[in-house]
Amino acid sequence: MNAAILYKIVIDSKTQYLSLFRGEKLLLAAPVSTSRFGLGFEPGSRKTPTGSFRVREKIGGEMPIGTVYKGRRPIAASVDGSAEEDLITSRILWLDGLDENNANTKERYIYIHGTNQEHSIGQPTSNGCIRMRNADVIRLFDLVEVGVLVEIVG
């Protein structure tokens, strides 16, 4: 049996919390930030989609904590994290929508990722993605496989 089937990530946009379950057992609970623009599916809206997803791709497992990504590639230049908003850091879990209304999620580049704006975790402040503290996203990344189910609820 595929191990990804046994695991499930649940993201609650009302509580701004992510929970990782293996069967009924809670393995990880961590605060997140969903979109400051609300929930939705429209291209270019910068809203966080809801529904059922799977992790399509995992990016950055070999990189050190705090690595900054542009276009899903690590950049070598040092970036002043306090000067830029919504940087994608440490790890990327790229989501793929499984429902008709969120089928465009991959093309919208919706990820679960680390951020340089850790002080904003727990509040809806992202540009559509699910932001996590860097240590939390690394822990999640290490616990799940490609294909793991993700449910985002509003």
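Residues numbered from 1 in each chain as written. Predicted model: local features only at pLDDT ≥ 70, side-chain atom pairs only at ≥ 80, totals over all residues. Heavy atoms only, no water.

Asker: Got a minute to help me understand the packing of aromatic side chains in this structure?
Answerer: For any pair of aromatic rings, geometry is given as the distance between the ring centres together with the angle between the planes. Counting across every chain of the model gives two aromatic pairs. Taken together, Trp94, Tyr109 and Tyr111 form an aromatic cluster joined through their ring pairs. Looking at Lys58, its charged tip hangs above the ring of Phe141, at a distance of 4.4 Å from the centre. (Phe/Tyr/Trp six-rings, centres within 6.5 Å; stacked < 30°, edge-to-face > 60°. Lys NZ or Arg CZ within 6 Å of the ring centre and 35° of its normal.)

Asker: So what exactly am I meant to see when it comes to the pairing of strand E8 (residues 111-114) here?
Answerer: Two faces, one strand: in a regular strand the side chains alternate between the faces of the sheet. The two faces of E8 match: Tyr111 and His113 on one face and Ile112 and Gly114 on the other face are all buried. Across four bridges, strand E7 (residues 88-97) lies against E8 in antiparallel orientation. By the bridge assignment for E8, Thr89 is matched with Gly114. (Buried < 20%, exposed > 50% of the residue type's maximum accessible area, 1.4 Å probe, protein only. Helix = DSSP H or I, 4+ residues; strand = E, 2+ residues; numbered from the N terminus. Pairing = 2+ DSSP bridges.)

Asker: What am I meant to see in the environment of Thr67 here?
Answerer: Within the secondary structure, Thr67 sits in the loop between strand E4 (51-59) and strand E5 (68-70). For the pair formed by Thr67 and Thr89, sequence separation is 22 residues and the distance between their alpha carbons is 5.3 Å. Excluding anything up to four places from it in sequence, Thr67 contacts Pro74, Ile88, Thr89 and Ser90. Here the side chain of Thr67 touches Pro64 through a polar contact of 2.6 Å, landing on its backbone oxygen. (Contact = heavy atoms within 4.5 Å. Polar contact = N/O pair within 3.5 Å; in protein donor to acceptor, adjacent residues only side chain to side chain.)

By themselves, these observations are geometric and do not establish any function.
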